[in-house]
Amino acid sequence: MIIRQKQEPLVYERTLGMSVMEGKGFYYPNDAAVSSDGKIYVLNRSLEARGSGRGMRVTICDSSDEFHGDFGEFGNKPGQFMWPSAITQGPDQNIYITDEHLHKIMKFTAAGLFLKEWGQFGSEPGNLDAPSGIAFNSTGELFVSDTYNNRIQVFTPSGEYVRCLDNTGNLNLPWRLSFDSSDYLYVADWGNDRICKYDPDGKFMSSFGKTGGGEGEFLRPADVVVDDAGRMFVCDWGNERIQVIDANGQFLQMNLGQSDLSPWATNFLNINVEEGKAREKSDLHKKDIKFANPHDRHEISSHIEEYFWSPMALSLTEDGHLYVIESNRHRIQIFKTVT
């Protein structure tokens, strides 16, 4: 009898992107939305909310490395960003973006034409304080992580306040959120180092994980997405990794990143010969480094190129691909999910 080991849920396929402040590439990407037509809307946060904002934009591309343009600009006027935090596409095919600094939600067409915005700083129903996550349920309601108010609010696609979820689970700085195929809501409860699950009526059901660096433990989780088998893919931001847990919260897999060069980056280095030669002389995959703290995942990730360095968000496509948005290396690592 031949016993075959079960394949791990995540299999690395390829990398998309490179670091540029304008045009074809990313600059500190913070989130991404994959549309039904295969286009990827990458939200570039840039470095600071009060500076020049150079590089702050939405890049439109696809997984075949085609660049379809960009839109958006830095500023505090209608349709402008100062600290963009999350992006999604609605059932109306429009693009919705939250801004933590301006406490607002913006709505654009799929081509990037600004339509409207809403949001006012405060803690009253409908007010926002640093919104940092956004997702639609199957009925077209827009759920928003109202982070500093420690709550989840619900709006219509045109910005009318609907309700606030019961906070029985005592959220602490909720970050990003997502729905599974049965309309159960999952929230990356950043301040509590866990994932919270709510039923389709918005009632708190359970939580998964605890603080730590071990299997099934989290340190400031930034995002969570769920497949049809109920497996949760968690962006474990503070531990610089992605974890996979099953529907009961049991650990399945940990991935620290496996990136190679993207076609965009390869083409850039072929054209810019001196930079290409300098790279060839470098050892960006060296593992036997004398780290000041060999247990510090931030230090390790910053030195080894294939590892995740500040993974910020996840996007799970209908064909079973997981996109990991990695801010500090200005790229997206793409994995195939395996059942």
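Presented here is a report on the structure given in the accompanying data block. All figures in this text were calculated on a predicted structure; none of them were measured in a lab.

**Regarding the pairing of strand β2 (residues 29-34)**
Next up, step 1: Within β2, five of the six residues are buried, leaving the element largely enclosed by the surrounding structure.
Next up, step 2: Bridge count between β2 and strand β3 (residues 39-44): five bridges; the pairing is antiparallel. In the strand pairing of β3, Ala-32 is matched with Val-42.

**Regarding the side chain of Gln-253**
Next up, step 1: Topologically, Gln-253 is positioned in strand β21 (residues 251-255).
Next up, step 2: Polar side-chain contacts of Gln-253 include one of 3.3 Å to the side chain of Glu-8.
Next up, step 3: Reaching out from Gln-253, the side chain makes a polar contact with the backbone nitrogen of Leu-10 at a distance of 2.8 Å.
Next up, step 4: Look past the residues within four positions of Gln-253 in its chain and what remains in contact with it is Glu-8, Pro-9, Leu-10, Ile-242, Gln-243 and Val-244.

**Structural notes on the environment of Ile-332**
Next up, step 1: Following the sequence through the fold, Ile-332 ends up in strand β24 (residues 331-337).
Next up, step 2: It is 24 Å that separates the C-alpha atoms of Ile-332 and Met-106, two residues lying 226 residues apart in sequence.
Next up, step 3: Once you skip the residues sitting within four places of it in the chain, Ile-332 turns out to touch Arg-14, Thr-15, Leu-16, Phe-26, Ile-40, Val-42, Tyr-323, Val-324 and Ile-325.

**A look at the packing of helix α1 (residues 263-271) against helix α2 (residues 273-281)**
Next up, step 1: Contact pair α1 / α2: the axes reach a minimum separation of 5 Å and the direction vectors enclose 110°. Considering their axes alone, α1 and α2 lie roughly perpendicular with respect to each other. For the pair α1 and α2, the contacting residues are Phe-268, Leu-269, Asn-270 and Ile-271 in the first and Val-273, Glu-275, Gly-276 and Arg-279 in the second.
Next up, step 2: Its residues assigned to classes, the contact of α1 with α2 shows four nonpolar, two polar and two charged.

**Comments concerning the pattern of salt bridges**
Next up, step 1: Tallied over the full model, the rule gives 14 salt bridges.
Next up, step 2: Asp-70 is the salt-bridge partner of Arg-57, the closest N and O atoms lying 3.7 Å from each other. On the criterion of sequence distance, the pair formed by Arg-57 in strand β4 (residues 57-62) and Asp-70 in strand β5 (residues 67-71) is long-range, its members being 13 residues apart.
Next up, step 3: By relative accessible area, Asp-70 is classed as partly exposed at 37%.

**Focus: the sheet that holds β21**
Next up, step 1: Taken together, the four strands give an open sheet; going across it, the order is β18-β19-β20-β21, and neighbouring strands pair in antiparallel fashion. Two strands close off the open sheet at either side, each with one partner strand: β18 (223-226) and β21. If you compare each strand with its neighbour and ignore which way they point, the axes differ by 20° on average.
Next up, step 2: Pairing of strand β19 (residues 232-236) with strand β20 (residues 241-245), which is carried by five bridges, proceeds in the antiparallel orientation. Within β20, the position partnered with Asp-236 by the bridge is Arg-241.

**Remarks on the sheet that holds strand β17 (residues 204-208)**
Next up, step 1: A sheet is described by the order of its strands in space; here four strands give the open sequence β14-β15-β16-β17, paired in antiparallel fashion. Lying at the two open borders of the sheet, with one neighbouring strand each, are β14 (174-179) and β17. Mean inter-strand twist for the sheet, computed between neighbouring axes without regard to direction, equals 20°.
Next up, step 2: One ladder, built from four bridges, connects strand β16 (residues 194-198) with β17; its direction is antiparallel. In the strand pairing of β17, Ile-195 is matched with Phe-208.

**Topic: the packing of aromatic side chains**
Next up, step 1: One pass over the structure, following the stated rule, counts 15 aromatic pairs.
Next up, step 2: In textbook terms, an aromatic cluster arises when at least three aromatic residues are bridged by ring pairs, as seen for Phe-71, Phe-81, Phe-108 and Phe-114.
Next up, step 3: Lying over the aromatic face of Tyr-184, Lys-197 brings its terminal NZ or CZ to 5.0 Å of the ring centre.
Next up, step 4: Between Arg-220 and the ring centre of Trp-190, over which it is positioned, the NZ or CZ distance is 5.0 Å.

Rules used in this analysis
- Residues numbered from 1 in each chain as written.
- Predicted model: local features only at pLDDT ≥ 70, side-chain atom pairs only at ≥ 80, totals over all residues.
- Heavy atoms only, no water.
- Buried < 20%, exposed > 50% of the residue type's maximum accessible area, 1.4 Å probe, protein only.
- Helix = DSSP H or I, 4+ residues; strand = E, 2+ residues; numbered from the N terminus.
- Pairing = 2+ DSSP bridges.
- Polar contact = N/O pair within 3.5 Å; in protein donor to acceptor, adjacent residues only side chain to side chain.
- Contact = heavy atoms within 4.5 Å.
- Axes fitted to C-alpha atoms, helices over the stretch in contact; angles between N-to-C directions.
- Parallel < 35°, antiparallel > 145°, perpendicular 65-115°, else oblique.
- Nonpolar A, V, L, I, M, F, W, Y, C, P; charged D, E, K, R; others polar.
- Salt bridge = Lys/Arg side-chain N within 4 Å of Asp/Glu carboxyl O.
- Phe/Tyr/Trp six-rings, centres within 6.5 Å; stacked < 30°, edge-to-face > 60°.
- Lys NZ or Arg CZ within 6 Å of the ring centre and 35° of its normal.

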